[in-house]
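Here are the chains, one letter per residue:
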Amino acid sequence: MAKHSVIVDLHLILRDGARILFGLRRNTGFSDGMYHLPAGHLEDDESILVGAAREAKEELAIDIEVADLELVHTMHQRAGRVSLFFEVSGWSGELTNAEPHKCERLSWLASDQLPENLVDYARTALERIQAGKRVSTFGWDERADA
């Protein structure tokens, strides 16, 4: 039997009261013109916690201690990805759009009024997190995805 391989995505949920930080994607080839959580891929030879902190530095120019990351949701996507969603309880530094060539702007958006142009699986994950679900699937069988 062949080994199964997946891409591991690391997503950051930064909150300011009832608002969540999103970036408006551009020039990436994936969901350009749509909002998405700060995110990236796990790299070789790094843990998921170190990878999430690295992504925060690369995309937002902030420092996150691994103790300030809580894994709140895991989503297995049919597209060959396992997406991990981390709540960020604290950071240091000034939030900055550190990748303006990939992100048109950063925006704090109300968590109860998410925009129409939000990446589908991110919207689904946030809804499931709100409902208290820690694990779900996306894109396999929509009747069974939960």
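Now for a description of the structure that goes with this document. (Residues numbered from 1 in each chain as written. Predicted model: local features only at pLDDT ≥ 70, side-chain atom pairs only at ≥ 80, totals over all residues. Heavy atoms only, no water.)

## Here we look at the environment of His-36
For step 1, the next point in the chain: Relative to the assigned elements, His-36 resides in strand S3 (residues 35-36).
For step 2, the next point in the chain: By relative accessible area, which is 4% here, His-36 ends up buried.
For step 3, the next point in the chain: Note: C-alpha distance between His-36 and Gly-17 (19 residues apart in sequence) is 18 Å.
For step 4, the next point in the chain: A polar side-chain atom of His-36 sits 3.1 Å from a polar atom in the side chain of Tyr-121. (Helix = DSSP H or I, 4+ residues; strand = E, 2+ residues; numbered from the N terminus. Buried < 20%, exposed > 50% of the residue type's maximum accessible area, 1.4 Å probe, protein only. Polar contact = N/O pair within 3.5 Å; in protein donor to acceptor, adjacent residues only side chain to side chain.)

## Concerning a nonpolar patch on the surface
For step 1, the next point in the chain: A contiguous nonpolar surface patch, about 270 Å² in accessible area, is contributed by Ile-48, Leu-49, Val-50 and Val-66.
For step 2, the next point in the chain: Structurally, Leu-49 is set in helix H1 (residues 48-60).
For step 3, the next point in the chain: Take Leu-49: its relative accessible area is 31%, and that puts it in the partly exposed class. (Patch = residues over 30% accessible without salt bridge, like charges linked within 9 Å, V, L, I, M, F, W, Y side chains within 5 Å. Areas by Shrake-Rupley, 256 points an atom, 1.4 Å probe, with all protein chains shown as cover. Salt bridge = Lys/Arg side-chain N within 4 Å of Asp/Glu carboxyl O.)

None of this, on its own, says anything about what the molecule does.
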